[in-house]
Amino acid sequence: MKSAAIEAFFATLKAANPTPQTELEYTSVFELLAAVLLSAQATDVGVNKATRKLFPVANTPQKILDLGLEGLESYIKTIGLYRSKAKHLMQTCRILVEQHGGEVPRTREALEALPGVGRKTANVVLNVAFGQPTMAVDTHIFRVSNRTGLAPGKTPLAVEQQLMKRVPAAYAVDSHHWLILLGRYVCMARKPLCHRCAVAAYCDFKPKTVQGS
């Protein structure tokens, strides 16, 4: 994808959705961190269903610790891999209380030191909570970046590095939301809905799908 097409690609996405938001539900930075940690290999819909019950009861690191491991598991058992996620979240809460005064740290290094928090989770928190121009490459962004020619790469890290170079600065903060939504609802894995895609004209994918095909 040429530079001029990239500019038009993001300008079009911005025009259609000027202020994109994560589909995870949260009301604090800690709730966001917990939700993203729980969302690995799970849908946002499934995570939101569990956290709607969990967060009214426990929405701070100390309150999660007070639940105990079994108590926490009882709230998130509908989420895939809930046992390991519960363990990681408990360990993370303990570190937040003991080392960070119960607050979520604002640096990548400190975030990635938390159990269950990898580069992608740290990128989401840095972007959504703190407004940093990071790129959390999930399966949707990986697929869209390669399929469209926006930022080809063989690994999530390679795609992330390409995106950080190729996305114009004016769109950097919101770009990962636009790409996730595009991949989730239009540029889907099995059959991209090219005939419904607002940015199909700028995309290198061939052949484009058509309605009914």
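Look above for the structure.
This is a predicted model, so every value here is computed, not measured.

Considering the overall build of the chain
Here comes step 1: Within the chain, the secondary structure is distributed over 10 helices and zero strands.
Here comes step 2: What you see in the chain, going N to C, is helices and strands ordered as α-α-α-α-α-α-α-α-α-α.
Here comes step 3: Dimensions of the chain along its principal axes, counting C-alpha atoms only, are 55 × 35 × 30 Å.
Here comes step 4: Burial statistics for the chain: of 213 residues in total, 46% are counted as buried.

Some details on the side chain of His 177
Here comes step 1: Its place among the elements puts His 177 in helix H10 (residues 175-185).
Here comes step 2: With a relative accessible area of 7%, His 177 lands in the buried category.
Here comes step 3: If sequence neighbours within four positions are ignored, His 177 has contacts with Pro 20, Gln 21, Thr 22, Asn 127 and Val 128.

Remarks on the packing of helix H4 (residues 61-76) against helix H5 (residues 82-100)
Geometrically, a packed helix pair is captured by the angle between its two axes and the distance between the axes.
Here comes step 1: The contact between H4 and H5 brings their axes to 9 Å, and the two run at 175°. One finds that H4 runs roughly antiparallel with respect to H5. Of the residues in H5, those touching H4 at Pro 61, Gln 62, Ile 64, Leu 65, Gly 68, Leu 69, Leu 72, Glu 73 and Ile 76 are Tyr 82, Arg 83, Ala 86, Lys 87, Leu 89, Met 90, Cys 93, Arg 94, Leu 96 and Val 97.
Here comes step 2: Looking at the contact of H4 with H5 residue by residue, the class counts come to 13 nonpolar, two polar and four charged.

Examining the packing of aromatic side chains
The geometry of an aromatic ring pair comes down to the distance between the two centres and the angle between the two planes.
Here comes step 1: Counting across every chain of the model gives four aromatic pairs.
Here comes step 2: A ring pair is formed by Tyr 171 and Trp 178, whose centres lie 6.3 Å apart and whose planes are at 65°; its orientation type is edge-to-face. Of the two residues, Tyr 171 and Trp 178, both sit in the buried class.
Here comes step 3: Counting every residue linked through ring pairs, the aromatic cluster contains Phe 9, Phe 10, Tyr 171 and Trp 178.
Here comes step 4: Lying over the aromatic face of Phe 205, Arg 147 brings its terminal NZ or CZ to 5.4 Å of the ring centre.

Cut-offs and rules
- Residues numbered from 1 in each chain as written.
- Predicted model: local features only at pLDDT ≥ 70, side-chain atom pairs only at ≥ 80, totals over all residues.
- Heavy atoms only, no water.
- Helix = DSSP H or I, 4+ residues; strand = E, 2+ residues; numbered from the N terminus.
- Buried < 20%, exposed > 50% of the residue type's maximum accessible area, 1.4 Å probe, protein only.
- Contact = heavy atoms within 4.5 Å.
- Axes fitted to C-alpha atoms, helices over the stretch in contact; angles between N-to-C directions.
- Parallel < 35°, antiparallel > 145°, perpendicular 65-115°, else oblique.
- Nonpolar A, V, L, I, M, F, W, Y, C, P; charged D, E, K, R; others polar.
- Phe/Tyr/Trp six-rings, centres within 6.5 Å; stacked < 30°, edge-to-face > 60°.
- Lys NZ or Arg CZ within 6 Å of the ring centre and 35° of its normal.

Nothing here speaks to function; it is all geometry.
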